[in-house]
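Fold and contact review
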Amino acid sequence: MTKIAAVDPTETAAWSKLHALAGTVGAGSIRSLIDADAARPATLSREAAGVGADFSRQRIDAAVVAALLELAAETGVLALRDAMLAGVHINTTEDRAVLHTALRLPRDATLVVDGVDVVAEVHDVLDRMAAFSTEVRSGAWTGATGERITDVVNIGIGGSDLGPAMAYVAMQHYRHPAITCHFVSNVDPADIGEVLAALDPATTLFIIASKTFTTLETMTNAAAARAWLVEALGDDAVARHFVAVSTNAAEVAGFGIDTSHMYGFWDWVGGRYSMDSAIGLSTMIAIGSDGFEQMLAGFHAMDEHFRTAPALENLPLLMGLLSVWNRDFLQVPTTAVLPYSQYLARFPAYLQQLTMESNGKSVRRDGSPVSCDTGGIYWGEPGTNGQHSFYQLLHQGTSTVACDLIVVARTPHGLGSQQDMLVANALAQAAVLSRGRTAEEVSADGTDAALVPHKVMPGNRPTTVFMIEELTPRTLGSLIALYEHSVFVQGAVWGINSFDQWGVELGKKVALSILADLEAGSATDATLDASTRADMERYLRLRRR
Ligand code: F6P
């Protein structure tokens, strides 16, 4: 294991300063901060790579921002950023570089890591993906019976599913009209079963997407898909209907996929940071190689901003630091991501993995326990649907939830008044979440005194409004890179390794022990506890009925 020292953030001078500020600015009201300073929205808004962010509804002032920047300096955030971008093995527990930013470097860039020019390798794979996706899109690539491909099924899970599935919905407006993509991830047989039931093997292409090519869910679903295809078209059809995206050529070949149709990536791309690698093959088939290139350009523009912008102007740096402020100093453990764009319906689900698999850690890079809260909880739903569901708790519940509202100004549908209605809702929510409504204001409406307490809105919910002119491949890339770097900044302050995920391993191992017993028909494994064995027996009884 390589070693990169991590400062305990709670021992820095900035941490003490921030604690004091939490008792003053942090305990104050967003409403009075806004009302006291007409210039606040301008002072606390930032723009980068087509994404605007208005932080004026956060419980902050210039002193808080300055102290957060001091915290970043004392914990070495920018030094770690530079180390990441240079290919230093900052994923210490796996001894790996962390180079998703290299996936979007332009063709003429050079980045030599561990003796290899990774940019040349990245563009080699991109070129092969472009050639293949162009053939699929044009109909030149046919299935075994000579018919064109009309349906693409991406089989993968976690980072090999969430990014491509999110991007497919987000880029619906740009996608090829004659090709439909489907995403199968769950090992629940209903997932693959329902997808296959509607498809014709002769016109279906499967992308088996797995970094390791050993993930139980993916390999099980891939085997089911293969059996379905072979039953209809025979063994020889596999080569025309299956391609793989993986870092594991041996396993791909073992599965029976021609490795000339394997699109590779590298151990320095984490699963949750991989949608812009070959894992995005379904995205490229959907929006074309030009569209994919634009998406990469959007990612790169945000990377460049993160790399070069001065600290006070650096959008991902400020966003990450504000998340630390909310999490550790204002005791706001959760953030609702609320896209006011139906195209971003899957964005919260995508962010759940990015944020929580990255920063849900309790030890620092050196293995010592953290002494502050880490990894915020991210979740959400598109507005305005959420308004008619869980916003009640956001407005009047006893837990404070930070809110990221994502507004897209222009819609390709040109329904002006409907779009204005959508945006009016977003801005109304931002105002109400942050300002609330006092008892005096409620009473002033002539509300019955008994009802007044029920209608008071505490407000003061830390709220950020992000605004994008139009959701294009380019701005989608920028938006994702913004969140990636914000997650990086938070992890860097906390001194944790945001790029491993040891916490997901034990459950996989235990599932294998349980599965062996379930297949044998009795719960005999003495290493399993009594509660687990009782549930297994109950399941076996129900299954037999
Ligand atoms: O179990 C978690 C995880 O390892 C994720 O980090 C990853 O994105 C997912 O599983 C899928 O892994 P693979 O691409 O190797 O199938």
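Above: the structure in question.
Residues numbered from 1 in each chain as written. Predicted model: local features only at pLDDT ≥ 70, side-chain atom pairs only at ≥ 80, totals over all residues. Heavy atoms only, no water.

Things to note about the layout of surface pockets
Volume-wise, the largest pocket comes out at about 960 Å³. In this structure, the largest pocket is lined by 40 residues; those nearest its centre are Thr212, Thr215, Val504, Glu505 and Lys508. Residue assignment for the lining of the largest pocket shows that the elements contributing at least two residues are helix H9 (216-233), helix H14 (347-359) and helix H20 (505-520). For the lining of the largest pocket, the element with the most residues is H20, which contributes six residues. For the lining of the largest pocket, the residue count by class is 14 nonpolar, 16 polar and ten charged. Shared between two domains, the lining of the largest pocket takes at least three residues from each, and those domains are domain 2 (102-287) and domain 3 (506-544). In this model, the second largest pocket occupies a volume close to 510 Å³. Lining the second largest pocket are 24 residues, and of these Ser341, Gln342, Thr411, Gln419 and Leu422 sit closest to its centre. Of all the elements in the fold, those that place two or more residues in the lining of the second largest pocket are strand S12 (401-410) and helix H16 (416-435). A total of five residues in the lining of the second largest pocket trace back to one element, the largest contributor, which is H16. Counted by class, the lining of the second largest pocket contains ten nonpolar, twelve polar and two charged residues. (1 Å grid on protein atoms, 1.4 Å probe; cavity = no way out; pocket = protein on both sides within 12 Å on 5 of 7 lines; lining within 4 Å. Points joined across faces, edges and corners; volume = space filled by probe spheres on them. Helix = DSSP H or I, 4+ residues; strand = E, 2+ residues; numbered from the N terminus. Nonpolar A, V, L, I, M, F, W, Y, C, P; charged D, E, K, R; others polar. Domains from an automatic or database assignment.)

As for the site of the ligand
In the vicinity of the ligand lie 14 residues, with Gly159, Ser160, Ser210, Thr212 and Thr215 positioned nearest. For the ligand, an oxygen atom lies 2.5 Å from a polar atom in the side chain of Thr215. Here an oxygen atom of the ligand sits 2.9 Å away from a polar atom, N or O, in the side chain of Lys508. When atom positions are compared with the pocket grids, the ligand is found to occupy the largest pocket. Across the shell around the ligand, the residue classes tally to two nonpolar, nine polar and three charged. (Near = heavy atom within 4 Å. Polar contact = N/O pair within 3.5 Å; in protein donor to acceptor, adjacent residues only side chain to side chain. Sits in = over half its atoms within 2 Å of the grid points.)

Things to note about the sheet that holds S12
Across the sheet, six strands lie side by side as S1-S2-S13-S12-S10-S11; this open sheet has mixed pairing. Edge positions in the open sheet fall to strand S1 (45-48) and strand S11 (377-380), since each of these has one partner strand only. Each strand of the sheet is rotated relative to its neighbour by a mean of 20°, with strand direction disregarded. Inspection of the sheet shows S12 paired to strand S13 (residues 463-470) by seven bridges, in the parallel sense. The residue bridging Leu405 from the neighbouring strand is Val465, located in S13. In this fold helix H13 (residues 315-329) packs onto S1, strand S2 (51-57), S11, S12 and S13, with an angle of close to 35° to the strand it touches most, S2. Along the sheet face, helix H19 (residues 473-494) touches S2, strand S10 (334-340), S11, S12 and S13 and points at about 150° away from the line of S13. (Pairing = 2+ DSSP bridges. Axes fitted to C-alpha atoms, helices over the stretch in contact; angles between N-to-C directions. Contact = heavy atoms within 4.5 Å.)

Here's the deal with the nonpolar core
General note: in soluble globular proteins, nonpolar side chains tend to be found buried as a group. Counting 121 residues, the largest nonpolar core has Trp268, Trp325, Phe347, Leu476 and Tyr483 as the members making the most contacts within it. Here the element with the most residues in this core is H19; it accounts for twelve residues. Taken together, domain 1 (10-74 + 309-494) and domain 2 (102-287) each give at least three residues to this core, which thus spans both. Residues in contact with Phe347, not counting those within four places in the same chain, are Met166, Val337, Ile406, Leu479, Ile480 and Tyr483. (Core = buried A, V, L, I, M, F, W, Y, C linked by side-chain atoms within 4.5 Å. Buried < 20%, exposed > 50% of the residue type's maximum accessible area, 1.4 Å probe, protein only.)

Considering a nonpolar patch on the surface
Side chains of Leu216, Leu512 and Leu515 sit close together on the surface and give an oily, nonpolar patch of about 250 Å² of accessible area. The exposure class of Leu512 is partly exposed, given its relative accessible area of 47%. (Patch = residues over 30% accessible without salt bridge, like charges linked within 9 Å, V, L, I, M, F, W, Y side chains within 5 Å. Areas by Shrake-Rupley, 256 points an atom, 1.4 Å probe, with all protein chains shown as cover. Salt bridge = Lys/Arg side-chain N within 4 Å of Asp/Glu carboxyl O.)

Concerning the packing of helix H12 (residues 281-308) against H13
If you want to describe how two helices pack, look at the angle between their axes and the distance between the axes. Two numbers describe how H12 lies on H13: the axes approach to 7 Å, and their chain directions differ by 75°. Taken together, the axis directions place H12 and H13 in an arrangement best described as roughly perpendicular. Of the residues in H13, those in contact with Met302, His305 and Phe306 of H12 are Leu315, Pro316 and Leu317. Split into classes, the residues belonging to the contact of H12 with H13 amount to five nonpolar, one polar and no charged. (Parallel < 35°, antiparallel > 145°, perpendicular 65-115°, else oblique.)

A short note on the environment of Val153
Within the secondary structure layout, Val153 lies in strand S5 (residues 151-155). For Val153, a relative accessible area of 0% gives the class buried. Separated by 199 residues in the primary sequence, Val153 and Gln352 have C-alpha atoms spaced 23 Å apart. Setting aside residues no more than four positions away along its own chain, Val153 makes contact with His182, Val184, Val195, Leu199, Thr204, Leu205, Phe206 and Ile207.

Structural notes on the packing of helix H5 (residues 77-86) against H19
Two elements in contact, H5 and H19, have axes separated by 9 Å at closest approach and are oriented at 120°. Classified by the interaxial angle, the pair formed by H5 and H19 is oblique. Crossing angle aside, the handedness with which H5 passes H19 is right-handed. On H19, the residues touching Val77, Leu80, Arg81 and Met84 of H5 are Phe488, Val489, Ala492 and Val493. Residues that form the contact of H5 with H19 fall into these classes: seven nonpolar, no polar and one charged. (Left-handed = near helix turned anticlockwise from the far one by under 90°.)

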